Structures are given as C-alpha cells and as structure tokens.
Amino acid sequence: MKSVLIIDGSKEFWESKTKLTALLCEVAKNELESMGIVVNSTRIDDGYDPMVEMEKFLENDAVIWQFPSWFMGETWVMKKYIDEVFMEIMAKTGGSDGRSSSDPSKRYGTGGKLDRKYMFSSTWNAPAYAFDKGEFFDGNSLEDVYYHLHKAHEFIGMKPLPSFMCNDVVKNPQVDKYASEYKAHLKKVFG
C-alpha cells in the first residue's frame, strides 16, 4: 500500500477528552510513515466537507478508523460522517445496491465499486474478558459487535483488514502497552 487515510472518529463529550484516540492516530501515522506509506488524515469532530472526504477515500489505498466505542458502537459524529461520505462515494463510483430492475430480488449489497481496504482500531472501557462466553458479550467477537460497520463498508465495495482493540481504557489504562501492541499490529497488517 502506498497511502492510508486515518480517520479520527472521536467526539469530545461527557468525560471524554479524546486523548487516547489522538495518541493512537499519531502512533499509526508515525509507524506507517516509517514504512514509507503516505498518511492523510481527518478528525471528524473538527468538521469536514463530504465531497473532500469522498476524494480522500478514492485517493488512498486503505482507511484506518480510530475511534472510541460508546455503548457498543461508533460515536454519533462517525455515523453521520459515514452516511454523508458513503453516499458521495456511491454517487461518484457509480455504485448501486447490486440489484437490477429486471430482477430486484437478487444480489442486494453487491453493487459497491470502491476497491479499497479498511481497518477498525477502537478503544473500549470493556475489559477483554467481557467478550468471553458467559460474560457481557457472551463469546461474540469485536467483529460481531461491529457487524453493521463491516456491512456498510462491504456495501460500498471495501474489504476488511484485521481490527485492533484496546481494552479497559478507563478503569485500567495501559497507554504504553496499547501503543506498543498497536505498532506491532500495524507492522503485521501493513508491513
């Protein structure tokens, strides 16, 4: 890959000051640039133009979404960004829902034309064991929890890269560990 777009999906809200998300965006930027990858970025909460963002998706080989998980999902600013920018991507690339007028009952979700990769990197107050069988997520994986986000990306034609997750970031933060593990993850995925 030659270029990657890093999207900071954090939102300053309640007690969140977005420091960990900003740090992980910086870790990713530095690590990718050390591999010779050009890095572009967007911090959603600073404002954006959907047309400009659509062009960034077209110009980069992959997108990294860095965001905190709030109530088992993305922030509301990230959801709004996805709705606005993905509509522009579909219009620009000539994507569709995949069906035809002659047979609208087949192939829904197969008409996306954005041949790019994406990766989720998220931070959670939930400890890692919360995903174990019998615990809160009852054995469901991070990918299960983010199923809707994966499907949104598949709908526009994107393919997933392995996700990264930091756990227990409020009650037991281990920032140096997160940064070190993230660097290793990025090397494995992009190196």
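Check the entry above for the structure.
Here's what I pulled together on the structure shown here. Everything quoted here is computed from the prediction, not taken from an experiment.

## Some thoughts on the pattern of salt bridges
Logical step 1: Counting across every chain of the model gives 13 salt bridges.
Logical step 2: The closest approach of N and O atoms between Lys133 and Asp138, which form a salt bridge, is 3.8 Å.
Logical step 3: What makes Lys133 exposed here is its relative accessible area of 67%.
Logical step 4: Classification of Asp138 as partly exposed rests on a relative accessible area of 39%.
Logical step 5: The structure contains a network of salt bridges with shared partners spanning Asp8, Arg43 and Asp46.

## Some points on the pairing of strand β4 (residues 117-123)
Logical step 1: Judged by how many residues are buried, β4 sits mostly within the fold: six of seven residues are covered.
Logical step 2: Where strand β3 (residues 62-68) lies against β4, seven bridges are found, and the strand directions are parallel. By the bridge assignment, Phe67 is partnered in β4 with Ser122.
Logical step 3: Note that the unit made of β3, helix α3 (residues 76-93) and β4 has a crossover that is right-handed.
Logical step 4: The pairing of β4 with strand β5 (residues 159-160) spans two bridges and is parallel.

## A look at unusual backbone geometry
Logical step 1: Of note in this structure, Phe71 is not a glycine but carries a positive phi near 50°.
Logical step 2: Take Phe71: it is sitting in the loop between β3 and α3.
Logical step 3: The phi torsion at Asp138 lies on the positive side, around 50°, for a residue other than glycine.
Logical step 4: Locating Asp138 in the fold gives a position in the loop between β4 and α4 (142-145).

## Brief notes about the nonpolar core
Logical step 1: Core analysis: the largest hydrophobic core is formed by 30 residues, its most contacted members being Ile7, Phe57, Trp65, Ile89, Trp124 and Tyr146.
Logical step 2: Elements with a minimum of two residues in this core: β1 (3-8), α2 (50-59), β3, α3, β4 and α4.
Logical step 3: Top contributing element to this core by residue count: α3, with eight residues.
Logical step 4: Look past the residues within four positions of Ile7 in its chain and what remains in contact with it is Thr42, Ile44, Phe57, Val63, Ile64, Trp65, Gln66 and Tyr81.
Logical step 5: Among the nonpolar cores identified, the runner-up in size contains 23 residues, and Val27, Ile64, Phe164 and Val169 belong to it.

## What to know about the side chain of Glu74
Logical step 1: The topology assignment puts Glu74 in the loop between β3 and α3.
Logical step 2: For Glu74, the residues in contact, after removing those within four places along its chain, are Phe67, Pro68, Lys79, His148 and Leu149.

## So, the environment of Gly94
Logical step 1: Secondary-structure assignment places Gly94 in the loop between α3 and β4.
Logical step 2: With a relative accessible area of 42%, Gly94 lands in the partly exposed category.
Logical step 3: Each C-alpha atom of the pair Gly94 and Asn140 lies 35 Å from the other, and the pair is 46 residues apart in sequence.

## A word on the packing of α3 against helix α5 (residues 147-155)
Logical step 1: Running from amino to carboxyl end, α3 crosses α5 at an angle of 15°, the nearest separation of the two axes being 11 Å. Considering the angle they form, α3 stands roughly parallel to α5. Relative to α5, α3 is oriented so that their crossing is left-handed. Note on element contacts: α5 touches α3 through Leu149, Ala152, His153 and Phe155, opposite Met78, Ile82, Phe86 and Met90.
Logical step 2: Considering only residue class, the contact of α3 with α5 consists of seven nonpolar, one polar and no charged.

## Quick look at the packing of aromatic side chains
Two descriptors summarise a pair of aromatic rings, namely the distance from one centre to the other and the angle between the planes of the rings.
Logical step 1: Enumeration over the complete set of coordinates arrives at 16 aromatic pairs.
Logical step 2: Between the aromatic rings of Phe57 and Trp65, the centroid separation amounts to 6.3 Å while the plane-to-plane angle is 50°, which identifies the pairing as tilted. Here Phe57 and Trp65 have matching classes, each one buried.
Logical step 3: With a centroid separation of 5.8 Å and an interplanar angle of 55°, the aromatic rings of Trp70 and Trp76 are classed as tilted.
Logical step 4: The class of Trp76 is partly exposed, set by a relative accessible area of 45%.
Logical step 5: A network of ring pairs unites the aromatic residues Phe67, Tyr118, Phe120, Trp124, Phe131, Phe136, Phe137 and Tyr146 as a single cluster.

Each value, and the rule that gives it
- Residues numbered from 1 in each chain as written.
- Predicted model: local features only at pLDDT ≥ 70, side-chain atom pairs only at ≥ 80, totals over all residues.
- Heavy atoms only, no water.
- Salt bridge = Lys/Arg side-chain N within 4 Å of Asp/Glu carboxyl O.
- Buried < 20%, exposed > 50% of the residue type's maximum accessible area, 1.4 Å probe, protein only.
- Helix = DSSP H or I, 4+ residues; strand = E, 2+ residues; numbered from the N terminus.
- Pairing = 2+ DSSP bridges.
- Right-handed = clockwise from strand over helix to strand, strands pointing away.
- Core = buried A, V, L, I, M, F, W, Y, C linked by side-chain atoms within 4.5 Å.
- Contact = heavy atoms within 4.5 Å.
- Axes fitted to C-alpha atoms, helices over the stretch in contact; angles between N-to-C directions.
- Parallel < 35°, antiparallel > 145°, perpendicular 65-115°, else oblique.
- Left-handed = near helix turned anticlockwise from the far one by under 90°.
- Nonpolar A, V, L, I, M, F, W, Y, C, P; charged D, E, K, R; others polar.
- Phe/Tyr/Trp six-rings, centres within 6.5 Å; stacked < 30°, edge-to-face > 60°.

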